[in-house]
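Below are the chains, spelled out letter by letter.
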Amino acid sequence: MANVVLFVTPVLLATVAAPRPLPARAAGMGLSLRIEALQAAVTGLGRSCDSNDWLINTIGSLIGAILGWAAPRLAREPATAG
(Lines give C-alpha, C1' and ligand atoms only; values in the text may rest on other atoms or scores of the structure.)
Protein backbone atom coordinates (compact mmCIF):
# COMPACT_ATOMS: atom_id res chain seq x y z
CA MET A 1 0.00 0.00 0.00
CA ALA A 2 2.87 2.38 0.75
CA ASN A 3 4.16 2.01 -2.81
CA VAL A 4 0.80 3.13 -4.17
CA VAL A 5 0.55 6.11 -1.83
CA LEU A 6 4.15 7.10 -2.56
CA PHE A 7 3.26 7.91 -6.18
CA VAL A 8 -0.37 9.07 -5.91
CA THR A 9 0.34 12.47 -4.35
CA PRO A 10 3.18 13.73 -6.57
CA VAL A 11 1.44 12.65 -9.78
CA LEU A 12 -1.86 14.14 -8.58
CA LEU A 13 -0.17 17.47 -7.83
CA ALA A 14 1.73 17.45 -11.13
CA THR A 15 -1.49 16.78 -13.02
CA VAL A 16 -3.33 19.60 -11.25
CA ALA A 17 -0.41 22.02 -11.77
CA ALA A 18 -0.15 21.24 -15.49
CA PRO A 19 -3.46 19.63 -16.43
CA ARG A 20 -1.96 16.92 -18.59
CA PRO A 21 -2.34 13.53 -16.92
CA LEU A 22 -0.35 11.48 -19.43
CA PRO A 23 3.04 13.23 -19.01
CA ALA A 24 2.65 13.21 -15.22
CA ARG A 25 1.80 9.51 -15.24
CA ALA A 26 4.70 8.76 -17.57
CA ALA A 27 7.06 10.67 -15.27
CA GLY A 28 5.83 8.62 -12.30
CA MET A 29 6.37 5.38 -14.19
CA GLY A 30 9.84 6.50 -15.29
CA LEU A 31 10.84 7.51 -11.77
CA SER A 32 9.69 4.16 -10.44
CA LEU A 33 11.69 2.36 -13.13
CA ARG A 34 14.80 4.37 -12.19
CA ILE A 35 14.35 3.55 -8.51
CA GLU A 36 14.10 -0.16 -9.24
CA ALA A 37 17.12 -0.01 -11.57
CA LEU A 38 19.13 1.74 -8.86
CA GLN A 39 18.14 -0.93 -6.35
CA ALA A 40 19.27 -3.62 -8.80
CA ALA A 41 22.58 -1.90 -9.53
CA VAL A 42 23.54 -0.90 -5.99
CA THR A 43 23.03 -3.99 -3.86
CA GLY A 44 24.60 -2.32 -0.82
CA LEU A 45 21.45 -0.25 -0.28
CA GLY A 46 19.78 -3.16 1.45
CA ARG A 47 16.88 -2.97 -0.99
CA SER A 48 16.04 -5.46 -3.69
CA CYS A 49 14.76 -4.79 -7.18
CA ASP A 50 11.23 -6.11 -7.61
CA SER A 51 9.12 -5.77 -10.74
CA ASN A 52 5.99 -5.93 -8.58
CA ASP A 53 7.10 -2.71 -6.89
CA TRP A 54 7.33 -1.05 -10.30
CA LEU A 55 3.84 -2.28 -11.18
CA ILE A 56 2.37 -1.09 -7.89
CA ASN A 57 4.09 2.30 -8.22
CA THR A 58 2.69 2.56 -11.75
CA ILE A 59 -0.80 1.86 -10.41
CA GLY A 60 -0.25 4.66 -7.87
CA SER A 61 0.80 6.97 -10.72
CA LEU A 62 -2.34 6.07 -12.65
CA ILE A 63 -4.57 6.74 -9.63
CA GLY A 64 -2.83 10.09 -9.07
CA ALA A 65 -3.29 11.07 -12.73
CA ILE A 66 -6.98 10.17 -12.64
CA LEU A 67 -7.55 12.08 -9.41
CA GLY A 68 -5.55 15.06 -10.69
CA TRP A 69 -7.60 15.11 -13.87
CA ALA A 70 -10.94 14.72 -12.06
CA ALA A 71 -10.39 17.08 -9.10
CA PRO A 72 -10.59 20.40 -11.00
CA ARG A 73 -13.58 19.19 -12.98
CA LEU A 74 -15.43 18.14 -9.84
CA ALA A 75 -14.56 21.44 -8.15
CA ARG A 76 -16.21 23.34 -11.01
CA GLU A 77 -19.45 21.37 -10.79
CA PRO A 78 -22.21 23.26 -8.98
CA ALA A 79 -23.45 21.59 -5.83
CA THR A 80 -26.94 20.18 -6.17
CA ALA A 81 -29.42 19.98 -3.34
CA GLY A 82 -30.40 16.39 -2.66
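Conventions adopted
Residues numbered from 1 in each chain as written. Predicted model: local features only at pLDDT ≥ 70, side-chain atom pairs only at ≥ 80, totals over all residues. Heavy atoms only, no water. Helix = DSSP H or I, 4+ residues; strand = E, 2+ residues; numbered from the N terminus. Expected span 1.5 Å × (residues − 1). Buried < 20%, exposed > 50% of the residue type's maximum accessible area, 1.4 Å probe, protein only. Contact = heavy atoms within 4.5 Å. Polar contact = N/O pair within 3.5 Å; in protein donor to acceptor, adjacent residues only side chain to side chain. Axes fitted to C-alpha atoms, helices over the stretch in contact; angles between N-to-C directions. Left-handed = near helix turned anticlockwise from the far one by under 90°. Nonpolar A, V, L, I, M, F, W, Y, C, P; charged D, E, K, R; others polar. Bend = angle between axes of the 7 residues up to and from the residue.

Undergrad: Outline helix H1 (residues 2-17), supporting the account with residue identities and numerical values.
TA: The end-to-end C-alpha distance of H1, which contains 16 residues, comes to 24 Å, matching closely the 22 Å that a straight helix rising 1.5 Å per residue would cover. For H1, the set of buried residues is Val 4, Phe 7, Val 8, Val 11 and Thr 15. Close packing links the buried residues of H1 with helix H2 (21-41) and helix H3 (51-76).

Undergrad: Residues and numbers for the side chain of Thr 15, please.
TA: Of note, Thr 15 is situated in helix H1. Among the residues examined, Thr 15 registers a relative accessible area of 2% and is labelled buried. One polar contact links the side chain of Thr 15 to the main-chain carbonyl oxygen of Val 11, over a distance of 2.8 Å. The residues touching Thr 15, leaving out its near neighbours within four places in the chain, are Arg 20, Pro 21, Ala 24, Gly 64, Ala 65, Gly 68 and Trp 69.

Undergrad: Mind laying out the side chain of Gln 39, listing which residues take part and the relevant values?
TA: Checked against the element boundaries, Gln 39 lands in helix H2. For Gln 39, a relative accessible area of 9% gives the class buried. Those residues in contact with Gln 39 that sit more than four places away from it in its chain are Leu 45, Arg 47, Ser 48 and Cys 49.

Undergrad: Provide a residue-level description of the environment of Ala 27, including the pertinent values.
TA: Along the chain, Ala 27 falls in helix H2. Spatially, the C-alpha atoms of Ala 27 and Ala 40 are 20 Å apart, while their sequence positions differ by 13 residues.

Undergrad: An account of the packing of H1 against H3 is requested, with residue identities and associated values reported.
TA: Put simply, H1 and H3 touch, their axes get as near as 7 Å, and they point 35 degrees apart. Taken as a pair, H1 and H3 cross one another with a handedness that is right-handed. Of H3, the residues touching H1 (which contributes Asn 3, Val 4, Phe 7, Val 8, Val 11, Leu 12, Thr 15 and Val 16) are Asp 53, Ile 56, Asn 57, Gly 60, Ser 61, Ile 63, Gly 64, Ala 65, Leu 67, Gly 68 and Trp 69. Of the residues in the contact of H1 with H3, the class split is 11 nonpolar, 7 polar and 1 charged.

Undergrad: Can you explain H3? Please cite residues and give values.
TA: Here H3 contains 26 residues, and its C-alpha end-to-end distance of 39 Å stays within 8% of the 38 Å for a straight helix at 1.5 Å per residue. Its maximal kink placed at Ala 70, H3 deviates by approximately 25 degrees, while the proline Pro 72 follows within four residues. Of all the positions in H3, only Asp 53, Asn 57, Thr 58, Gly 60, Ser 61, Gly 64, Ala 65, Gly 68 and Ala 70 are classed as buried. In this fold, the buried residues of H3 make contact with H1 and H2.

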